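Tertiary structure, described
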Amino acid sequence: LRRNLGACSEKPALIEGLTPVDNIALPLFCRSESDLDMERFVERLDLDLPSLPVRGLSRTQRRMVGLARAVVGGPELILIDGGLEGLPRDFVEAFREYLSELKAAGSTILVFSSLEQPADNHCDVEYEIDGPKLTGYEHDESQGLNRIEL
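Attention in this report is confined to the structure presented alongside it. (Residues numbered from 1 in each chain as written. Predicted model: local features only at pLDDT ≥ 70, side-chain atom pairs only at ≥ 80, totals over all residues. Heavy atoms only, no water.)

**Describing the sheet that holds strand β3 (residues 108-112)**
Strands sit in the order β1-β2-β3 across an open sheet of three strands; the sheet is parallel. With one partner strand each, in any of the chains shown, β1 (5-8) and β3 form the two edges of the open sheet. Neighbour to neighbour, the strand axes of the sheet diverge by 10° on average, direction disregarded. Direction of pairing for strand β2 (residues 77-81) relative to β3: parallel, over a ladder of five bridges. Considered in β3, the bridge of Ile 80 is made with Val 111. Here helix α3 (residues 59-71) sits on the sheet and contacts β1 and β2; the angle it forms with β1, its principal contact strand, is near 170°. (Pairing = 2+ DSSP bridges. Helix = DSSP H or I, 4+ residues; strand = E, 2+ residues; numbered from the N terminus. Axes fitted to C-alpha atoms, helices over the stretch in contact; angles between N-to-C directions. Contact = heavy atoms within 4.5 Å.)

**Considerations on the nonpolar core**
Core analysis: the biggest nonpolar cluster contains 31 residues, and Ile 24, Phe 41, Leu 47 and Phe 95 have the highest contact counts within it. Broken down by secondary-structure element, the contributors of at least two residues to this core are α1 (20-30), α2 (38-44), α3, β2 and α4 (89-104). Beyond its immediate stretch of four places on either side in the chain, Ile 24 contacts Met 38, Phe 41, Val 42, Leu 47, Val 65, Ala 68, Arg 69 and Val 72. (Core = buried A, V, L, I, M, F, W, Y, C linked by side-chain atoms within 4.5 Å. Buried < 20%, exposed > 50% of the residue type's maximum accessible area, 1.4 Å probe, protein only.)

**Quick notes on α4**
Between the first and last C-alpha of α4 there are 23 Å, a value that for 16 residues agrees with the 22 Å anticipated at 1.5 Å per step. Of the positions making up α4, those classed as buried are Phe 91, Val 92, Ala 94, Phe 95, Tyr 98, Leu 99, Ser 100 and Leu 102. Where α4 is buried, its residues meet α2, α3, β2 and β3. Note on α4: the residue one or two positions beyond its end, Gly 106, has a positive phi of about 110°. (Expected span 1.5 Å × (residues − 1).)

This is the structure we're talking about:
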């Protein structure tokens, strides 16, 4: 399962002695995949990160490294906790575009966020938790949001 799963918590755990790019590439090593051009991948996500160990990164930079690590190599299931709030706009746009491509390639993407925000084009269904009540909303390009009875 771990070979097909990419995940990022709100505060991603990074290996402090590694550079940001080496932290991002960790899942590739676990999957014995080495054919991805990491320099191009990092540029594609509009990441401007130092080549020093991650221990000196800001909270925002650490979050971007964790998100990039969650999607590197296109895992089948991607879990993102905390949404994309507070991240640089250029990164968010590039990341959302990449998520859309992963979705089109067959990845399932679950984003958990405590903030109410407009739906992204990579979402098929949104769930709202209000106390013990769970409500689903399915996205339909022609009709907008349709409530799903759960």
